[in-house]
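Take a look at the letters that make up each chain.
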Amino acid sequence: MINTSDIRRIRTLLAVGLASGALALFSACTVTADPGAGAPQEGNCGPDQEYAIGMSQANNAEPYREVMNSDITTAAAAVPGFKVTVADAAQDNSKQVSQVENFITQQIDLLIISPNEAKPLTAVVKKAYDAGIPVIVLDRKVEGDAYTAFIGGDNVAIGKAAGEYYAETLLPDGGKVVEISGLAGSTPAAERAQGFREGIAGNDKIEIVATQSGEWLREKGQSVMDALLKANPDIDAVYAHNDPMAEGAYLAADQAKLADKIKFTGIDALPIPSGGIKAVEQGRLQATFVYATGGREAIDLAKQILVDCKKDVPKSTTLGTDQITKENATEMYGKLGGKG
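Residues numbered from 1 in each chain as written. Predicted model: local features only at pLDDT ≥ 70, side-chain atom pairs only at ≥ 80, totals over all residues. Heavy atoms only, no water.

Side note on the nonpolar core
So, step 1. Counting 46 residues, the largest nonpolar core has Phe-82, Leu-110, Ile-112, Ile-136, Tyr-166, Val-177 and Ile-299 as its most contacted members.
So, step 2. Look past the residues within four positions of Phe-82 in its chain and what remains in contact with it is Tyr-51, Ile-53, Ala-76, Ile-299, Ala-302, Lys-303, Leu-306 and Val-307.
So, step 3. With 33 residues, the next largest nonpolar core counts Ala-249, Ala-259, Ile-277 and Leu-285 among its residues. (Core = buried A, V, L, I, M, F, W, Y, C linked by side-chain atoms within 4.5 Å. Buried < 20%, exposed > 50% of the residue type's maximum accessible area, 1.4 Å probe, protein only. Contact = heavy atoms within 4.5 Å.)

Here is the structure:
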């Protein structure tokens, strides 16, 4: 049986333990008042520490995502203590969910994710965020706001700029357009489609005669365009949601001996030899629009959160764009850091 002195001794030990815990809590480096809301756990920020960063990539097979990964790993290499692990979902929602679950189990210090699709990745992103892992959503969005920060371009604005280019410059007298869209369910695909329609609204002679998904891939863009040409051999232009699909569409039209009669535009403008800027410079595309990867910006934000212990970071960062045509392609290629 426990006597009175034993009870007093237990109470004393509990009081000391609670006081020590409180002291540790208040002396630690704390990023937000609620570490379960996407903030590092107490003490897990500051310089001279090692940080494990998980990068969940939608699909490494896309050139844009290869450049994004490179931007992230290059920027991270310049931050002492940063170690980035990239997981490739290969355009598979369930695989990406599993990979993020694995990152959570590994207790990474920060998650960067470019979701394959918004809705299927929303719950697992929230799970990481609720577990106290800062989450930077990059390029493609998830539903709701259970994440630390979003970095990406304004896809509606980019689509609208493309539409205005069609309405005012490319097809001022009107014409028939086919649209090769991105992956259904991804936010950029929906927003680039919406923006384009807003942009061409000022020219009622432009008609979108068909829309089909090329899933962001060059090969898929080529096969889709082959089918679209058989149904619409008299089209005037192709609005593709990214440069690889635009290049694939060009190849299909070239094989059908129709490339000289059709105008092509894309989005991304990667400053690499196989990117959209060179395609414009070489005459295959009439225009493309810059869609920055946000990789360097994501690592800068990660540094603010983990190393600088910054309490308040922007919930949303919108990256700018530029229109690339033959007139400025060479200049912009160099300005954006292109080599080769």
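Focus on unusual backbone geometry
So, step 1. Located in the positive-phi region is Ala-90, a residue other than glycine, with phi close to 50 degrees.
So, step 2. Note on placement: Ala-90 falls in the loop between β2 (82-88) and α3 (93-105).
So, step 3. With a phi close to 55 degrees, Glu-215 is a non-glycine residue in the positive phi region.
So, step 4. Relative to the helices and strands, Glu-215 resides in the loop between β7 (206-213) and α7 (218-231).
So, step 5. You can call Glu-215 partly exposed: its relative accessible area is 27%. (Helix = DSSP H or I, 4+ residues; strand = E, 2+ residues; numbered from the N terminus.)

Digging into the sheet that holds strand β9 (residues 263-265)
Each strand in a sheet pairs with its neighbour through backbone hydrogen bonds, running either in the same direction (parallel) or in the opposite one (antiparallel).
So, step 1. Sheet architecture is open: four strands sit in the order β7-β6-β8-β9, paired in parallel fashion. Of all the strands in the sheet, the pair left with one neighbour each is β7 and β9. Ignoring strand direction, the axes of neighbouring strands in this sheet form an average angle of 20 degrees.
So, step 2. Summarising the sheet, strand β8 (residues 237-240) and β9 pair through three bridges and their orientation is parallel. Across the sheet, the residue bridging to Ala-237 is Lys-263, located in β9.
So, step 3. The sheet contacts of helix α5 (residues 155-170) involve β6 (175-181), β7, β8 and β9, and relative to β8 the element is tilted by about 165 degrees.
So, step 4. Relative to the sheet, helix α8 (residues 243-255) contacts β6, β8 and β9, its axis offset from that of β9 by approximately 160 degrees. (Pairing = 2+ DSSP bridges. Axes fitted to C-alpha atoms, helices over the stretch in contact; angles between N-to-C directions.)

Some words on the environment of Asn-69
So, step 1. In this structure, Asn-69 sits in helix α2 (residues 63-77).
So, step 2. In this structure Asn-69 comes out as buried when scored by relative accessible area, which is 11%.
So, step 3. Linking Asn-69 and Gly-295, residues 226 residues apart in sequence, is a C-alpha distance of 7.0 Å.
So, step 4. When neighbours within four sequence positions are excluded, Asn-69 is seen to be in contact with Met-55, Gln-57, Asn-60 and Val-86.

Considerations on the layout of surface pockets
So, step 1. Reported here for the largest pocket is a volume of approximately 390 Å³.
So, step 2. Contributing to the lining of the largest pocket are 22 residues, with Asp-71, Pro-271, Ala-292, Arg-296 and Leu-336 lying nearest its centre.
So, step 3. At the level of elements, α2 and α10 (295-306) are the ones that each hand at least two residues to the lining of the largest pocket.
So, step 4. By residue number, the principal contributor to the lining of the largest pocket is α10, which donates three residues.
So, step 5. Looking at the lining of the largest pocket residue by residue, the classes come out as ten nonpolar, seven polar and five charged. (1 Å grid on protein atoms, 1.4 Å probe; cavity = no way out; pocket = protein on both sides within 12 Å on 5 of 7 lines; lining within 4 Å. Points joined across faces, edges and corners; volume = space filled by probe spheres on them. Nonpolar A, V, L, I, M, F, W, Y, C, P; charged D, E, K, R; others polar.)

Side note on the side chain of Glu-62
So, step 1. Within the secondary structure layout, Glu-62 lies in the loop between β1 (51-57) and α2.
So, step 2. The buried category is assigned to Glu-62, whose relative accessible area is 3%.
So, step 3. Apart from the residues lying within four places of it in its own chain, the contact partners of Glu-62 are Gln-91, Arg-140, Trp-216 and Leu-217.

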